[in-house]
Amino acid sequence: MNDFDKDTGVTMDYDSSIIRPLMHNEDVKMRIEPSYSTRLRGIKKGLLTLHTLELMAVNIYKYQITKKANELNRQLVAAMCNEMTHFQDFQVKLFEHGWKPSKLRWAYWIVGFLFGNFSRILGAKMTLKLGIWVETKAVNHYSELLEKIDWDGETRRIIEKNQADEYGHINRWRSFLQSNDLR
């Protein structure tokens, strides 16, 4: 199944209904090499950025979830799980290269906590609008990083898949808003 983004007219080659793609032990590869090259500096900066932003996304969804047993909460849990997968993808890539996550990632955790809680307090409509806004920012950020950084093929595919997931979230939240089924 391919996803279609209504805004860009782009057909995504990834199935965003797959929340957590299969990963084998052999998929983890050590990629440690001297990181003084411009290419590796770009990859490190990109991975650190994506890792911290995905941490924020996990917390936004985590703190938007209410106690109601409804479809919106089910989709928020699925989105949170998907964002946790993205977070793990980039953490694995950082460690494969011998790098560590940013020491400032706690700030993104707090921003996600605040965005998630405040949007939940303001209601389902605000939860969805924030989701669309944040995911649109993520899609644009992914595009920028895909264009500017010379990624290896495997990492590029992971980034493209994660970007397709973000398009899927945008489309899902827009559908909820249009349906006005926000119980």
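Note: the structure precedes this text.
Residues numbered from 1 in each chain as written. Predicted model: local features only at pLDDT ≥ 70, side-chain atom pairs only at ≥ 80, totals over all residues. Heavy atoms only, no water.

Peer 1: Whenever I open this one, the packing of helix 4 (residues 124-148) against helix 5 (residues 153-179) confuses me. Can you help?
Peer 2: Pairs of packed helices are described in terms of their axes, by the angle between the two and the distance that separates them. At their nearest, the axes of helix 4 and helix 5 sit 9 Å apart, and the two run at 155° to each other. With respect to their mutual orientation, helix 4 and helix 5 come out roughly antiparallel. The way helix 4 lies across helix 5 gives a crossing that is left-handed. (Axes fitted to C-alpha atoms, helices over the stretch in contact; angles between N-to-C directions. Helix = DSSP H or I, 4+ residues; strand = E, 2+ residues; numbered from the N terminus. Parallel < 35°, antiparallel > 145°, perpendicular 65-115°, else oblique. Left-handed = near helix turned anticlockwise from the far one by under 90°.)

Peer 1: What's the story with helix 3 (residues 105-122) in this structure? I'm lost.
Peer 2: One turn of an α-helix holds 3.6 residues; hence residues three or four places apart share an orientation. When the terminal C-alpha atoms of helix 3 are compared, their 26 Å separation across 18 residues agrees well with the 26 Å that a helix rising 1.5 Å per residue should span. Among all positions of helix 3, only Gly112, Gly116, Asn117 and Ser119 are buried. Positive backbone phi, approximately 110°, marks glycine 123, located one or two places after helix 3. (Expected span 1.5 Å × (residues − 1). Buried < 20%, exposed > 50% of the residue type's maximum accessible area, 1.4 Å probe, protein only.)

Peer 1: How do you make sense of the layout of surface pockets when you look at a structure like this?
Peer 2: Rolling a probe over the atoms, with the probe sized like a water molecule, indicates the empty space that remains. In this structure, the largest pocket spans a volume of roughly 430 Å³. Taken together, 17 residues make up the lining of the largest pocket; nearest its centre are Pro21, Leu22, Met23, Asp89 and Ile158. Elements that contribute at least two residues to the lining of the largest pocket include exactly helix 2 (71-96) and helix 5. With 6 residues, the top contributor of residues to the lining of the largest pocket is helix 2. Looking at the lining of the largest pocket residue by residue, the class counts come to 6 nonpolar, 3 polar and 8 charged. (1 Å grid on protein atoms, 1.4 Å probe; cavity = no way out; pocket = protein on both sides within 12 Å on 5 of 7 lines; lining within 4 Å. Points joined across faces, edges and corners; volume = space filled by probe spheres on them. Nonpolar A, V, L, I, M, F, W, Y, C, P; charged D, E, K, R; others polar.)

Peer 1: Please explain the pattern of salt bridges as it appears in this structure.
Peer 2: Between side chains of opposite charge, pairing is possible as soon as their charged atoms come close. This model, assessed by the stated rule, comprises 11 salt bridges. One salt bridge in this structure joins glutamate 96 and arginine 31, with 2.7 Å as the shortest N-O distance. Pair noted here: glutamate 96 is in helix 2 and arginine 31 is in the loop between strand 2 (11-12) and helix 1 (38-64), with a separation of 65 residues, a long-range link. The same class applies to glutamate 96 and to arginine 31, which are both buried. Linked through salt bridges whose partners overlap, the residues forming this network are Lys29, Arg31, Lys93, Glu96, Asp152 and Glu154. (Salt bridge = Lys/Arg side-chain N within 4 Å of Asp/Glu carboxyl O.)

Peer 1: Sorry, what's going on with the packing of aromatic side chains here?
Peer 2: Each aromatic ring pair is summarised here by two numbers: the centre-to-centre distance and the angle between the ring planes. Counted under the stated rule, the structure contains 7 aromatic pairs. A centroid spacing of 6.4 Å and a plane angle of 45° characterise the contact between phenylalanine 90 and tyrosine 142, whose relative ring orientation is tilted. With phenylalanine 90 in helix 2 and tyrosine 142 in helix 4, this residue pair connects regions lying 52 residues apart in the sequence. Here phenylalanine 90 and tyrosine 142 have matching classes, each one buried. Ring plane angle 45° and centroid distance 6.2 Å describe the contact between tryptophan 173 and phenylalanine 176, whose orientation is recorded as tilted. Placement of both tryptophan 173 and phenylalanine 176 in helix 5 is noted, with a separation of 3 residues, approximately one turn of the helix. You can call phenylalanine 176 buried: its relative accessible area is 12%. (Phe/Tyr/Trp six-rings, centres within 6.5 Å; stacked < 30°, edge-to-face > 60°.)

Distances and angles like these do not, on their own, reveal function.
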